[in-house]
Structure formats: structure tokens, C-alpha cells
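Each chain is listed here by its residues.
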Amino acid sequence: MQMPSCRARGLLVLLALNLAPSANLPAASWPDQYQSGQFLYHADFPLAADRALLDSIPHVQAQLVHLLGIQPSQEPIYVFLFARRSTYEAYLQQYFPTAPPRKALFIKGRGPGMVFVYRGENFAVDLRHECTHAILNAALPVVPLWLDEGLAEYFEVPAQRRRHGSPHLRSVRLAAWVGKVPRLEDLERLSEMSEMGRSEYRNAWAWVHFLLHGPPAARAELRNYLADIQALTPPGQLSQRLRARLPDVERHFAEHFRNW
Ligand SMILES: [Zn+2]
């Protein structure tokens, strides 16, 4: 079980079975429900005003599948939305008493993934972030923590801001200008949410951005790496694979952000 980090959102991939499965959740009794693609939304408030946002989530999946070349899962993803934080917290306390206290949460056990978000000021960002975790973990048997969070950070902003408008971009570019490149190996060593601080999220986002928009060889290696994971072939470390394909990968990383 992964533990909370200093970030307000959560990712909880459960190997233990001590938390309630989704079948125990009273999904039928929600005041409003809505389906968009394989996302099944349940809310304690009327969803009509949020339809455009809810309908944009399947596009996150489409773009993710397009960029990463993974086969999408067809399994449903249950999304539980709350008008108030207090109700959200009480709900999680009742059904997932051992879940970490976070302002949004993705939980996956052996069944379909579940996303829990309340309608706070970053509702849309939180929803896209947690649903990215849900999409990835439905499609792949395992996702390295840094890559899971880096991709969630990438996709949490609206589609038109993903390439050029991330709040992480400025500081990553400044660091690249002075030759500072975060080590991918350091990110790969992270295994607990408690180890993910602000700089780890930023560095994970930066490597994801480089892999998606840097040299074509970098994206190709990411796609091969994920294809191996999806095929249950031991993938090794992405850092080593990248170095084999792109010697001097740090120089490419710095150049990518200096020129972006
Ligand atoms: Zn996350």
C-alpha cells in the first residue's frame, strides 16, 4: 500500500485486500449519475453543469493511448463526485477507513478503479489527474510510480495547455538553462507516495514531457517500454534503455527544454 505524500492528491494501488471492493459501494443510490465512454460518474449533486468536463475525460484516454501506443482497457472506471469536502471525507472514512487523507484519490484493488473527487477550486485538475491514474492502471499491470505521477501531472491541465502551458514548465526551463537535469534513476528509485514531494512531481512531469515531445527516439523507447509492461515482459529500467538508445540523454533533455 502506498502512503500519502505532501501533495494533496492520492494514488492508492492496493495489493492487500483490507479495503472494501467497489461492489460494496451503494452506487445505485446516488442523486445523479452520468456515463461518458467507460467512465461511470456518480455524484451527490446535479451533473448537468459539468457535462463538458465529464465528456472530456474519455479524450484524455484517447490522447494517452495515442501518445503512448498502449492498448486501452475496456473495463469501467467508477468516478464518485462530491459537492462538499466534508461529505467526501466522511464517505471515504466510512468505506475506506485506512485510505490516506487526501483531497482527491484514485483507488484500485483487484476490481475496476475508483476515483473520488470533491468539487473544490481545482475540481477539473483533480479529476483529470486522478482519472489519468485510473486509465493507466486499467490498461497496464504495473506502472512505475514516477511515470504514473508524471503522466497524471501532464494530463491534469486542459488539453490546449499540455504541451506549452504546464505550471511546471517555467522552473524546468530555468533549471535546464543552467544545466540542471534531474536524474531519471533517482525517480525510478521512488516506490512510496510519501517519497513524492513537490520537486519529484515536477521532475517526473519534466521527464514525461521530454519523453513525449523530445527526440523521436525517446518517445519510441517509452512506447517500447510500455509495450513490454503491457505484454508482461520484464521491461528493465527505462533510464538504461534510454541511455542505450540515446547516449548523452541529459544533454538532449537540457536542449529540449532550452529550446521549448
Ligand atoms: Zn497522482
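The structure contained in this document is the topic of the report that follows. (Residues numbered from 1 in each chain as written. Predicted model: local features only at pLDDT ≥ 70, side-chain atom pairs only at ≥ 80, totals over all residues. Heavy atoms only, no water.)

With that out of the way, let us pick up the pattern of salt bridges. Inspection of the entire model under this criterion finds 14 salt bridges. The partner of aspartate 126 in a salt bridge is lysine 103, with the nearest N and O atoms 3.3 Å apart. Residue aspartate 126 is found in helix 3 (residues 123-139), and its partner lysine 103 is found in the loop between helix 2 (85-95) and strand 5 (104-108); the two are separated by 23 residues along the sequence. The exposure class of aspartate 126 is buried, given its relative accessible area of 3%. When the shortest N-O distance is used, the salt bridge between arginine 251 and glutamate 255 registers 3.1 Å. Residue arginine 251 and its partner glutamate 255 are located together in helix 10 (residues 249-259), separated by four residues, close to a single helical turn. For glutamate 255, a relative accessible area of 31% gives the class partly exposed. Each of Arg183, Glu185, Asp186, Arg189, Arg243 and Glu250 takes part in salt bridges that share partners, so that together they form one network. (Salt bridge = Lys/Arg side-chain N within 4 Å of Asp/Glu carboxyl O. Helix = DSSP H or I, 4+ residues; strand = E, 2+ residues; numbered from the N terminus. Buried < 20%, exposed > 50% of the residue type's maximum accessible area, 1.4 Å probe, protein only.)

Here we take up the coordination of the zinc ion. Every protein donor of the zinc ion is listed here as His129 (NE2), His133 (NE2), Glu149 (OE) and Glu149 (OE), and their distances to the metal cover 2.1 to 2.7 Å. Classification of the site at the zinc ion rests on its four donor atoms, whose angles at the metal span 52 to 152°, yielding the label irregular. In primary sequence terms, the donor set of the zinc ion follows H-x3-H-x15-E. Note that histidine 129 and histidine 133 are positioned in helix 3 at a spacing of four residues, about one turn of the helix. The same class applies to histidine 129 as to histidine 133, namely buried. (Donors = N, O, S within 2.8 Å, 3.2 Å for Na, K, Ca; no water. Tetrahedral: all angles 85-135°; square planar, octahedral: opposite > 155°, others 65-115°.)

Structural measurements only, silent on function.
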